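Listed below are the residues making up each chain.
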Amino acid sequence: MKKISKITTTALTITSALSFAAPEVLAAGSNPVTADPAAEVDYSGTLSILTKFGSQQLSPFFEDVAKQYTEMHPEVSVELIQETDDSVKGKTKTLVATNSMPDIFFSWTGTWGGNFIRGNRAVDLTPVVGAGTEWGKTFTPAALDAFSYGGRNFGVPLYLDAKFMGYNKSLFADLGLEPPTTFDALLETCDTISAAGVVPVSFGNKEAWPAVHYAGQLLVYNVPVETLEQDFDPQTSAFDHPGYVTALDQFRAFIEHCTTGAPNGTSYEAAVQAFSDEKAAMYYQEIIEFDGSANSDTALQPEEFGYFVLPAPEDAQGDPNAIEGAPEGYMVSAASDQIPLAIDFLKFLTTQETGKVLSASPYGQPSAVVGGSEPRTMNASVVAGMADIDEASYLMPWLDTVHHPRVAATWLSGLQALVGGSMSSEELVAEVRETSAAVRD
Amino acid sequence: MVPTDPHFPGAATSGGTSHEICRPALLRRALIRALSLRWVVLAVLVVGAFIYVPIIDNFRVSMTNRDIFTGEISQVGLENYQRLLDDPVVWRALLNNTLYAGLSIVFQVFGAFLLAAMIEGLKSRRIRNLCRAIYFVPSAISTTVTGLLFYFLYQPEVGLLDAGLTSIGLGALSRPWLALEDTAIFGIIAMSQWQGFGYSTLLFSIAIQKIPRELYDAAIMDGAGPVRRLFAITLPMSREMTGLMVIVTITGAFQVFNEIMVMTAGGPNNSSQVLGTWLYQQAFIQNEFGYGAAIAAVIFAVTMLTGALQVWYTSKRRVKL
């Protein structure tokens, strides 16, 4: 026993010694790096780029752009790391943790992008893409502003994104239905569709974030924007507005009336497939998914595809004209030794011509560049959705990227429990409140 | 008489005292021994650098909190271990890992042992080979593919499982297996048994084949039936393989990751989290690398302890011919 105790003590002593011997700061961007507009571009070397276009539908876009760029500059080679919506989060963090960030990397806005600025890992692009610059003027102002932190621009928006309810026009017409304009009308519409033996809304929540998207839109309808923004930050959060519970109760009602089967056991890909196969009347999706869910290869043809904004409850206390969504774009790594070349590539990526390719089928990603879309070549729903985004009073950021990771994780698992019926709205809000308080402490 | 060494013939040929004669031989022998150790040293260095140093480093990291974006590291002592105790998901994950290990031992060790004994008891060599091949096939499929296969098999509307249950009049048992907090982990464990069963059976078959036939012949002459022969000969003579399989199964159960990520990603509501997936979520999704390292330390401790206990037990009960 004495021997074991001795060994344990020795092991703990060694471990503690090692612990205290650890360096205080690992290599990170130690000083802010600002882009130099006068820097000469050296068109040679390899440019590494982490994208979020890893899906079969989207991956050719960056491949084509890279090919065009390297044809213009034969001494340059482009190394693409193409990830999907799900995998890019883990990949990015692994690259950050190992100080291996590529020259150009994908970023969401909000807290996600803020992390790179906090750690001085993204180049301050204000001198080259700031609001008053030539390049900056080519973007939709709101999209550019979304990548602004403390009045400085750290990112280049590539496309706009927002969440809408896609629906099958033919099916609605057959049942004599019109797109609902209030939340209660949506529930009634679901009941009518269910009675006709059709799945009202195809909903897959295995990945947990699809429920977060519903919750985000309902929260901005029920909780004032100022309160929401205050609660995004653990230092000021309270999560005591009654609109939180109201929004989650509405979501539960939606689950009850509008979905069938077991959403928590269904992947979001299976859900969109059910909608594309005309097995469901509606599917809540991002505008960047419009072209994927209805195209010439799917049973649901583009002309049968319609959309509407998730309708707001009539007595909502929040902002009924807000839409959940945000632009998505790219940043330049502060550790890159080819910053001028990376900026040059981003300029090439955000020309009107490239924007038109990106906005048109089969990509259907509404370009953030002014004039970067050609309605004639685009899905009509994408064009109309872009107009709705422009008219929105507020763009509600995604809950899982705007909150602290621990708070976001509580939203994700808690909403799965809410969908599965093992947690009440009050319990979920209390859990989120507790997590936020724990992060603050 | 001066002792001669066949490896050093010159050591005992000169005259003088035995002490004087032996000294160069001993020195040479020590030198040879030291030289032969160079390969061991190399192996130890490689294993040390790639296994033991990271393990020790993991303990160091577990006593820190690191912000991966700023690179700032704060020393928190045993705070992450304290947090482990208060984290309900960790306990849930530990329970799931234990369930995984327990059920895997039942099916992949004892079940596979019985099946192997039955297969090896078959008279036809061709049928024996066929059976081994049939049971081994699932093990040749990648875990990710198997996970996807079972994900579809468990689907409530189009899955084969519920359709099969309904067709035999057990439709009342149909449910969305992976979508319910109570059943998700069992669905994954079942898939794992399906996949690992054949591999274990094959290993037990090999162990059983090595048992001398004379023992069985003698037992038959003594009037022992098949069940008696199984427990009196086959089981004790396969003890080392059984011990090895228990270690491999338990450590495997505590390292499970792919199946969970493919089928449920730990959900719904963290009900199917295991320590490996929770570690991944903490480290790579929530940026809590220190806390993730603390979870890794728990996994290491559990598997190390299990392995040590099993090795000790097996060595004590080893059957020598």
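Criteria and cut-off values
Within every chain, residues take consecutive numbers counted from 1 along the sequence as written. Each chain gets a letter, beginning with A, and each ligand a number, beginning with 1, in the order they are written. Only residues with pLDDT of at least 70 are given local features in this predicted model, and only at 80 or more are side-chain atom pairs given and counted; all residues enter the totals for whole chains, interfaces and linings. With hydrogens and water excluded, all non-hydrogen atoms of the structure serve as input to the side-chain values. A helix here means a DSSP run of H or I that spans at least four residues, while a strand means a run of E at least two residues long, and both kinds are numbered starting from the N terminus. Atoms counted for the radius of gyration: C-alpha only. Globule rule: 2.2 Å times the number of residues to the power 0.38. The cut-offs for exposure are 20% and 50% of the maximum accessible area for each residue type, with area from a 1.4 Å probe on protein chains only; residues under the lower value are buried, those over the upper are exposed, and the others partly exposed. Surface accessibility in these figures is a Shrake-Rupley result with a 1.4 Å probe; residues are shielded only by whichever protein chains are displayed. Lys and Arg are tallied as positive, Asp and Glu as negative. Neither His nor the chain termini are counted. To locate a charge, take NZ of a lysine, CZ of an arginine, CG of an aspartate or CD of a glutamate. In this scheme, strands are said to pair when DSSP sees at least two bridges between them. To obtain an axis, a line is fitted to C-alpha atoms, over the contacting stretch when the element is a helix, and the angle between two such axes runs from 0 to 180 degrees between their N-to-C directions. Note on definitions: a residue-residue contact is assigned when non-hydrogen atoms from the two residues lie within 4.5 Å. UniProt positions are given in the numbering used here, feature names are shortened, and annotations may be inferred rather than shown by experiment. Buried area: the sum, over both parts, of the accessible surface (1.4 Å probe) that disappears when the two are put together. Salt bridge, as used here, is a side-chain nitrogen of Lys or Arg placed within 4 Å of a carboxyl oxygen of Asp or Glu. By the criterion applied in these results, polar contacts are pairs of N or O atoms within 3.5 Å in which, for protein atoms, one can donate a hydrogen and the other can accept it, and in which residues neighboring in sequence qualify only through two side-chain atoms. In this classification, Asp, Glu, Lys and Arg are treated as charged, Ala, Val, Leu, Ile, Met, Phe, Trp, Tyr, Cys and Pro as nonpolar, and every other residue, Gly included, as polar. What sets the label is the angle itself: under 35 degrees gives roughly parallel, over 145 gives roughly antiparallel, 65 to 115 gives roughly perpendicular, and the rest give oblique. Each helix crossing is assigned a hand: it is left-handed if the near helix lies turned anticlockwise from the far helix by less than a right angle, otherwise right-handed if that turn is clockwise.

What to know about the overall build of chain A
- A tally of helices and strands in chain A yields 19 helices and 13 strands.
- Over its C-alpha atoms chain A spans a radius of gyration of 24 Å, differing by no more than 12% from the 22 Å that the globule rule assigns to 441 residues.
- Its C-alpha atoms give chain A principal-axis dimensions of about 70 × 70 × 40 Å.
- Classification of the 441 residues of chain A by burial places 57% in the buried group.
- Accessible area of chain A: about 17,500 Å², with a carbon and sulfur share of 52%.
- The centroid of the 23 positive side-chain charges in chain A is displaced by 12 Å from the centroid of its 57 negative side-chain charges.

A short note on the sheet that holds strand β2 (residues 76-82) of chain A
Residues and elements named next belong to chain A.
- Sheet architecture is open: 5 strands sit in the order β2-β1-β3-β12-β6, paired in mixed fashion. The open sheet is flanked by β2 and β6 (156-159), the only strands paired with a single partner. Going from strand to strand, the sheet's axes swing by 25° on average, the running direction of each strand aside.
- The pairing of strand β1 (residues 45-51) with β2 spans 7 bridges and is parallel. Bridge assignment links L47 to a residue of β2, and that residue is V78.
- Along the sheet, helix α4 (residues 110-118) makes contact with β3 (104-107) and β12 (328-332), crossing β3 at roughly 140°.
- Seen against the sheet, helix α14 (residues 339-349) touches β1, β2, β3, β6 and β12 and runs at an angle of roughly 160° to β12.

Focus on the environment of I127 of chain B
Residue and element names in this part refer to chain B.
- When you line up the elements, I127 lands in helix α4 (residues 125-136).
- Judged by relative accessible area, which is 44%, I127 ranks as partly exposed.
- Taking the C-alpha atoms as reference points, I127 and S192, 65 residues apart in sequence, are found 26 Å from one another.

A word on the UniProt feature "domain: ABC transmembrane type-1" (unreviewed entry) in chain B
- Those places that UniProt annotates as "domain: ABC transmembrane type-1" (unreviewed entry) correspond, in this numbering, to residues 94-310 of chain B.
- Within the segment residues 94-310 of chain B, helix and strand shares are 74% and 0% respectively, and the terminal C-alpha atoms sit 20 Å apart.

Comments concerning the interface of chain B and chain A
- Contacts between the two partners involve 35 residues from chain B, matched on the other side by 37 residues from chain A.
- Taking both sides of the interface into account, the surface hidden between chain B and chain A amounts to around 3,200 Å²; carbon and sulfur atoms contribute 57%.
- Contact with chain A buries surface across chain B, with R60, F69 and Q75 of chain B losing the most and accounting together for 21% of the total.
- Linking chain B with chain A are 2 salt bridges.
- A salt bridge links R406 of chain A to E288 of chain B, with the nearest nitrogen and oxygen atoms 3.8 Å apart.
- Connecting chain B to chain A are 11 residue pairs in polar contact (both at pLDDT 80 or more).
- A class-by-class count of the residues in the side of chain B that touches chain A yields 17 nonpolar, 10 polar and 8 charged.

A closer look at the packing of helix α12 (residues 275-285) of chain B against helix α13 (residues 289-316) of chain B
Residues and elements named next belong to chain B.
- Between α12 and α13, whose axes approach to 7 Å, the crossing angle comes to 160°. Looking at the two axes, α12 sits roughly antiparallel to α13. By crossing handedness, the relation of α12 to α13 is classed as left-handed. Along its contact with α12, which presents L275, G276, W278, L279, Q282, A283 and F284, the element α13 presents F289, Y291, G292, I295, A296, V298 and I299.
- Looking at the contact of α12 with α13 residue by residue, the class counts come to 11 nonpolar, 3 polar and no charged.

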